[in-house]
Amino acid sequence: LKMTARGVAEVYVRRSTSTLCGPDATCHSFFPVCYYPEHQEKGVALEAFTAELIRVETTNVELRILAHAYHSLQVYLQEERSMREGEGAHTDKPHGSEEPLDEDMQLEGGITECCKLIATRVPLCMEELGDMSVAIYMQVKDFTRKALLAVNTLPPVNPDERQKARGLEVAKTAKLKCLQGAADILFTGENRCPSESSLFPFEFLVVLRIVQLV
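These numbers were taken from a predicted model, which means no experiment stands behind them.

## Topic: the packing of aromatic side chains
Taken as a whole and judged by the stated rule, the model has one aromatic pair. Of note, Lys42 hangs over the ring of Tyr35, and the distance from its end group to the ring centre comes to 5.6 Å.

Next up, the structure:
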């Protein structure tokens, strides 16, 4: 897991830094005053900076791998429960049908143990948990603000009282919907309304699964 995460992080970071540090007049880079890593001091500074970025990104990639594994297990577990409930609602269980139920319980217990094992591998100390929680909160707060702006048109210059009331009502509804969507993804892994597009991009699903793992 650690080797895979570090390999992915190295490719991503070195590609990003080479794009930034390499002179390229077609995009934003150090040009025409160039950054030459061949110079000893600049080379050492760049390597130290790159190494620190790789360290941070390795932890991010590791968290994402664990979150995806956890998410896949939770989705499978939810599907199994839904199928079992559906079959139980439409069929009468004959006498002596306890054995399949025991097998289902064993499968569910095994998946739960796998999820616990994944949770123990979260590569974060207590100080990092605090920093991560603040970062997640700020990102969700910023996303909620953007979502509210996206669903609300700009008010007219001189709105009357009815327009003000209507605008506030729409804003409250949108904010509640965003919060409900976050809670649904966090606790069930899916949207409240499957027919509607997700209010949260895929990156937020990964982050919320990380929070659930912690």
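## Things to note about the pattern of salt bridges
Counted under the stated rule, the structure contains six salt bridges. Between Glu10 and Arg6 there is a salt bridge whose closest N-O contact spans 3.2 Å. Here Glu10 and its partner Arg6 are both found in helix H1 (residues 2–21), four residues apart, which amounts to about one turn of the helix. With a closest N to O distance of 2.7 Å, Glu108 and Arg81 form a salt bridge. Taken together, the positions of Glu108 in helix H3 (residues 98–120) and Arg81 in helix H2 (residues 40–90) put the pair 27 residues apart, joining distant regions of the chain. Using a relative accessible area of 36% as the deciding quantity, one classes Arg81 as partly exposed.

## Concerning the environment of Leu208
Position of Leu208 relative to the elements: it lies in helix H6 (residues 202–213). Taking the C-alpha atoms as reference points, Leu208 and Ala67, separated by 141 residues in sequence, lie 8.8 Å from one another.

## Quick notes on the nonpolar core
Core analysis: the biggest nonpolar cluster contains 15 residues, and Leu63, Tyr70, Ile118, Met132, Ile210 and Leu213 have the highest contact counts within it. For this core, the secondary-structure elements that each account for two or more residues are H2, H3, helix H4 (126–151) and H6. Setting aside residues no more than four positions away along its own chain, Leu63 makes contact with Val122, Pro123, Leu124, Met132 and Ile210.

## Considerations on H1
Taking 1.5 Å per residue as the helical rise, H1 with its 20 residues ought to reach 28 Å, and the 28 Å between its terminal C-alpha atoms agrees with that figure. Turning to H1, its buried residues number three or more, namely Ala5, Ala9, Val13, Thr17 and Cys21. Along the axis of H1, the buried residues cluster in a sector spanning 95 degrees; they form a single face. Away from its buried face by more than 90 degrees, H1 exposes Met3 and Arg15.

## Quick look at unusual backbone geometry
Going from Phe31 to Pro32, the amide bond is cis rather than trans, its omega being 5 degrees. Relative to the assigned elements, Pro32 resides in the loop between H1 and H2.

## Considering the side chain of Thr50
By secondary structure assignment, the location of Thr50 is in helix H2. According to the relative accessible area criterion, Thr50 is buried, its value standing at 2%. Not counting residues up to four positions away in its chain, the partners in contact with Thr50 are Val13, Arg14 and Thr17.

Rules and cut-offs
Residues numbered from 1 in each chain as written. Predicted model: local features only at pLDDT ≥ 70, side-chain atom pairs only at ≥ 80, totals over all residues. Heavy atoms only, no water. Phe/Tyr/Trp six-rings, centres within 6.5 Å; stacked < 30°, edge-to-face > 60°. Lys NZ or Arg CZ within 6 Å of the ring centre and 35° of its normal. Salt bridge = Lys/Arg side-chain N within 4 Å of Asp/Glu carboxyl O. Helix = DSSP H or I, 4+ residues; strand = E, 2+ residues; numbered from the N terminus. Buried < 20%, exposed > 50% of the residue type's maximum accessible area, 1.4 Å probe, protein only. Core = buried A, V, L, I, M, F, W, Y, C linked by side-chain atoms within 4.5 Å. Contact = heavy atoms within 4.5 Å. Expected span 1.5 Å × (residues − 1). Arc of directions from axis to C-beta.

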